[in-house]
Amino acid sequence: MRVAAYILNGQPGVGRVSADGRQVEPFQLSAAELALGALPIVEAQAAGRALPAVGKAIAIDQVKLTAPIPRPRRNVFCVGKNYFAHAKEFAGSGFDSSAKSGGDIPSAPIIFSKVPESVTGPTDPILFPAEVSTAIDYEAELTVVIGKGGKGIKAADAMKHVWGYTIINDVTARDWQGKHSQWLLGKSFDTFCPMGPWLVSADEVDGQNTDVKCWVNGELRQDANTKDFIFDIPTLIECISAGITLYPGDLIATGTPAGVGIGYKPPKYLVRGDVVRIEIAGIGTIENAFR
């Protein structure tokens, strides 16, 4: 199942996307629930409740897709340096404080976060904060959507807690990432978390074996498979939930492959007018212009 959040005639909606991606059937939800995007659907399924009734199908090109969870209830969990090739390219960039102590390949997951307010839609512009940063980068990431929550989840049971997946572009101000010991600020500028185009349930996508690709202005920059993770999805869930209770709708961006702008010499930072397109097999695409 694919669940999209959207705007139609100025009003929010949430619906089930058809198999061909051409239509969306609106769920009958309250106004308060609609404001939460796909979250009420994830919560209902996690609790074993029946899904809401759906209305008449609407052509997908008649709606404006928003982020499927427009404002997560808390920060998006993110994973740094989770592909072997990217860990090496980042270690050589001069922006990786862990590499200074010999940590090219991390021995444990590196977890940081992005604030909810950084989330934007799958086709919305990424805003260029020229007065603050001149080193903006892109990062294509498969993102896990938690279904059944829990604490102390063991890796062997972790996939039972995965509702499904979506796409996130972990946009980053590299100069801020280099200047501050923590990554939160450089990762959390407004519009620095494009998400979408919808949520896809885990029965339709193998998150541990799917292709992740990113183009900038039509140039293929990132091309990898999640089989190349340093830490697989069960390990990430076990790590995060060891001391933090996970809840339905929590998001875990699983890291980005090699090919980010900082990996080039000289770096290929985004400039105003660039268009970043990310595609993950089994989910779809998001495409955002840099303005």
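Everything that follows concerns the structure shown earlier in this document.
Rules behind the numbers
Residues numbered from 1 in each chain as written. Predicted model: local features only at pLDDT ≥ 70, side-chain atom pairs only at ≥ 80, totals over all residues. Heavy atoms only, no water. Helix = DSSP H or I, 4+ residues; strand = E, 2+ residues; numbered from the N terminus. Rg over C-alpha atoms; globule rule 2.2 N^0.38 Å. Buried < 20%, exposed > 50% of the residue type's maximum accessible area, 1.4 Å probe, protein only. Contact = heavy atoms within 4.5 Å. Areas by Shrake-Rupley, 256 points an atom, 1.4 Å probe, with all protein chains shown as cover. Lys, Arg positive; Asp, Glu negative; His and termini not counted. Charge placed at Lys NZ, Arg CZ, Asp CG, Glu CD. Phe/Tyr/Trp six-rings, centres within 6.5 Å; stacked < 30°, edge-to-face > 60°. Lys NZ or Arg CZ within 6 Å of the ring centre and 35° of its normal. Core = buried A, V, L, I, M, F, W, Y, C linked by side-chain atoms within 4.5 Å. 1 Å grid on protein atoms, 1.4 Å probe; cavity = no way out; pocket = protein on both sides within 12 Å on 5 of 7 lines; lining within 4 Å. Points joined across faces, edges and corners; volume = space filled by probe spheres on them. Nonpolar A, V, L, I, M, F, W, Y, C, P; charged D, E, K, R; others polar.

Engineer: Could you clarify how one ought to interpret the overall build of the chain in this entry?
Structural biologist: Counting its secondary structure elements, the chain contains six helices and 18 strands. Since a compact globule built from 291 residues should have a radius of gyration of about 19 Å, the 18 Å found for the chain is in line with a globular shape. If one aligns the C-alpha atoms of the chain with their principal axes, the spans along those axes are about 55 × 45 × 30 Å. Residues counted as buried form 55% of the 291 residues belonging to the chain. In the chain, of all internal contacts separated by at least 6 residues, the share reaching a separation of at least 24 is 76%. In the form shown here, the chain has an accessible surface area of approximately 12000 Å², with 52% of it arising from carbon and sulfur atoms. Here the chain holds 28 positive side-chain charges and 31 negative ones, and the gap between their average locations is 2 Å.

Engineer: What is the right way to look at the packing of aromatic side chains in this model?
Structural biologist: Between two aromatic rings, the relevant description is the distance of the centres plus the angle of the planes. Under the criterion given, the structure shown has five aromatic pairs. These aromatic residues form a ring-pair network of at least three members: Trp176, Phe189 and Phe192. The side chain of Lys179 reaches across the aromatic face of Trp176, ending 4.5 Å from its centre. Here Lys268 stacks its cationic end above the ring of Tyr264, 4.3 Å away from the centre of that ring.

Engineer: I keep staring at unusual backbone geometry and nothing clicks. Help me out?
Structural biologist: If a residue is not glycine, its phi is most likely negative; likewise, a peptide bond is most likely trans. Backbone torsion omega between Gly196 and Pro197 reads -5°, so that peptide bond is classified as cis. Lys265 connects to Pro266 through a cis peptide bond whose omega is 0°. Along the chain, Pro266 turns up in the loop between strand 16 (251–253) and strand 17 (275–280). Notably, Asn217 is not glycine yet its phi reads approximately 55°, a positive angle. Along the chain, Asn217 turns up in the loop between strand 14 (211–216) and strand 15 (219–225).

Engineer: What is the right way to look at helix 3 (residues 84–91) in this model?
Structural biologist: Within helix 3, burial applies to His86, Ala87, Glu89, Phe90 and Ala91. Structurally, helix 3 contributes buried residues whose contacts are with helix 4 (174–179).

Engineer: How should I be thinking about the nonpolar core in this particular structure?
Structural biologist: Looking at soluble globular proteins, one finds that nonpolar side chains tend to be buried together. Ile136, Tyr165, Ile233, Ile237, Ile252, Ile278 and Ile283 are the most contacted members of the largest nonpolar core, which totals 53 residues. Elements with a minimum of two residues in this core: strand 1 (2–8), strand 6 (76–80), strand 10 (140–146), strand 11 (162–169), strand 13 (193–201), strand 14, helix 6 (233–241) and strand 17. What Ile252 contacts, discounting residues up to four positions off in sequence, is Phe77, Val79, Leu142, Thr143, Val144, Ile146, Ile237 and Ile240. Within the second largest apolar cluster, 27 residues are counted, among which are Met1, Val76, Phe112 and Ala253.

Engineer: Any chance you could explain empty space enclosed by the protein here in plain terms?
Structural biologist: Over the atoms, a rolled probe matching the size of one water molecule traces out where space is still vacant. For the structure shown, the criterion picks out one cavity of 30 Å³ or more. Computed from the structure, the largest cavity encloses a volume of approximately 60 Å³. As for the largest cavity, its lining consists of 15 residues, and the residues nearest its centre are Gly80, Lys81, His86, Glu139 and Lys187. For the lining of the largest cavity, the secondary structure elements donating two or more residues are strand 6, helix 3 and helix 4. Within the lining of the largest cavity, the residues separate by chemical class into four nonpolar, five polar and six charged.

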